[in-house]
Amino acid sequence: MYDLIIIGAGPAGLTAGLYAARAQINTILFERLAPGGQVLNTDWIENYPGFPDGISGFDLVDKMKTQAERFGLRIQNEEVVGLELSQEKKTVITHNGEMETKALILACGATPSQLGIEGERSFIGKGVSYCATCDGPFYRDQEVAVVGGGDTAAEEAIFLTRFASRIYLFHRRDSLRAIKLLQERVMAEEKIEIVWDTIPLKILGENGVEGIELKNVKTGNIFRKKVHGVFVFVGTLPNTDVAKGKVELDENDFVKTNNGMETSVPGVFAAGDIRSKPFRQIATAVGEGAAATYSAERYLESLWV
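Conventions we followed
- Residues numbered from 1 in each chain as written.
- Predicted model: local features only at pLDDT ≥ 70, side-chain atom pairs only at ≥ 80, totals over all residues.
- Heavy atoms only, no water.
- Helix = DSSP H or I, 4+ residues; strand = E, 2+ residues; numbered from the N terminus.
- 1 Å grid on protein atoms, 1.4 Å probe; cavity = no way out; pocket = protein on both sides within 12 Å on 5 of 7 lines; lining within 4 Å.
- Points joined across faces, edges and corners; volume = space filled by probe spheres on them.
- Nonpolar A, V, L, I, M, F, W, Y, C, P; charged D, E, K, R; others polar.
- Core = buried A, V, L, I, M, F, W, Y, C linked by side-chain atoms within 4.5 Å.
- Buried < 20%, exposed > 50% of the residue type's maximum accessible area, 1.4 Å probe, protein only.
- Contact = heavy atoms within 4.5 Å.
- Pairing = 2+ DSSP bridges.
- Axes fitted to C-alpha atoms, helices over the stretch in contact; angles between N-to-C directions.

### Digging into unusual backbone geometry
Okay, so step 1: With a phi angle near 65°, Asp-141 is a residue other than glycine that sits in the positive phi range.
Okay, so step 2: The topology assignment puts Asp-141 in the loop between helix 3 (132-135) and strand 9 (143-147).
Okay, so step 3: Unusually for a residue other than glycine, Asp-253 sits at a positive phi of about 75°.
Okay, so step 4: Here Asp-253 shows up in the loop between strand 16 (236-238) and strand 17 (268-270).

### Section: the layout of surface pockets
Okay, so step 1: Estimates place the volume of the second largest pocket at around 180 Å³.
Okay, so step 2: In this structure, the second largest pocket is lined by Leu-14, Thr-15, Leu-18, Tyr-48, Leu-60, Lys-63, Met-64, Thr-66, Gln-67 and Val-286.
Okay, so step 3: Ranked by residue count, the leading element in the lining of the second largest pocket is helix 2 (residues 57-70), at five residues.
Okay, so step 4: Here the lining of the second largest pocket is composed, by residue class, of six nonpolar, three polar and one charged.

### Topic: the nonpolar core
Okay, so step 1: Leu-4, Phe-269 and Ile-282 are the most contacted members of the largest nonpolar core, which totals 33 residues.
Okay, so step 2: Elements with a contribution of two residues or more to this core: strand 1 (2-7), helix 1 (11-22), helix 2, strand 6 (97-106) and helix 6 (282-304).
Okay, so step 3: No other element matches helix 6, which puts seven residues into this core.
Okay, so step 4: In contact with Ile-282, not counting residues within four places along its chain, are Pro-11, Val-39, Ile-45, Tyr-48, Leu-60 and Met-64.

### Some details on the sheet that holds strand 11 (residues 192-195)
Okay, so step 1: Sheet architecture is open: five strands sit in the order 8-15-9-10-11, paired in parallel fashion. In this open sheet, the two strands that pair with only one neighbour each are strand 8 (128-129) and strand 11.
Okay, so step 2: Two strands pair when backbone bridges link them, and strand 8 and strand 15 (residues 229-232) are joined in this way by two bridges, in the parallel orientation. Pairing of Val-128 across the sheet is with Val-230, part of strand 15.
Okay, so step 3: This element, helix 4 (residues 151-160), spans strand 9, strand 10 (166-170), strand 11 and strand 15 of the sheet and lies at about 170° to strand 9.

Put into structure tokens, the structure is as follows:
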């Protein structure tokens, strides 16, 4: 039996693992994909302390992983498909079997939300993308659409100016939700045209994206714009499938915790984007990962008394 199992190798999970390994807690971390989570989709990070010139998402995650492994953290590439939770023990179920642990940290992260409109799913990988960093180079000298108005939409629209000849930023409101600095950068970029009060209705094309059908929410006018790519940044969904019915979730299925990262089940903690909270950043995820391990260590000590 492990003392601690961590699920998810994003910034929160890797930090939790680093603190646990350094404290010599018998720990294993499960990650179904490559370590890094959504950070791997971020081309350049400017707001993480310690890197005044910025750092790529890949490099930051690689440094986090290397540091955690230096202290002996075991990272296993395996998907967790189920949980059995009680106060006495926690059972983590994978495709290869079951493992028991005394404490558990959920750091499963979140995934991009979809628009849910006609043509979206059928054109994923054929012109519809949720990662400009991943797919931007495919649209060199072409016109593309970005849907959204928050920080991610603004950042990715700016990134796309490296490749696309024109970026249409469609936002359902008449002002962006992004921080002021990003708004100023978007407004100053000649390649970006913001189309206000507009929602997408349908993605058009035969074998790939050829255009997008839209509606002005104030006038009701329906129109089409010819584009070869549609990049969607309209929020995130928590990866809480394995946690549903096991720990308390909020109305949007994010895990509810207290300030100590404790969930509704003793010995089960949550950190990072999976948590119910108003602000999701790499810096907050790292802090929560550290706090979760601190609380887990205190919990384990209570069992040994």
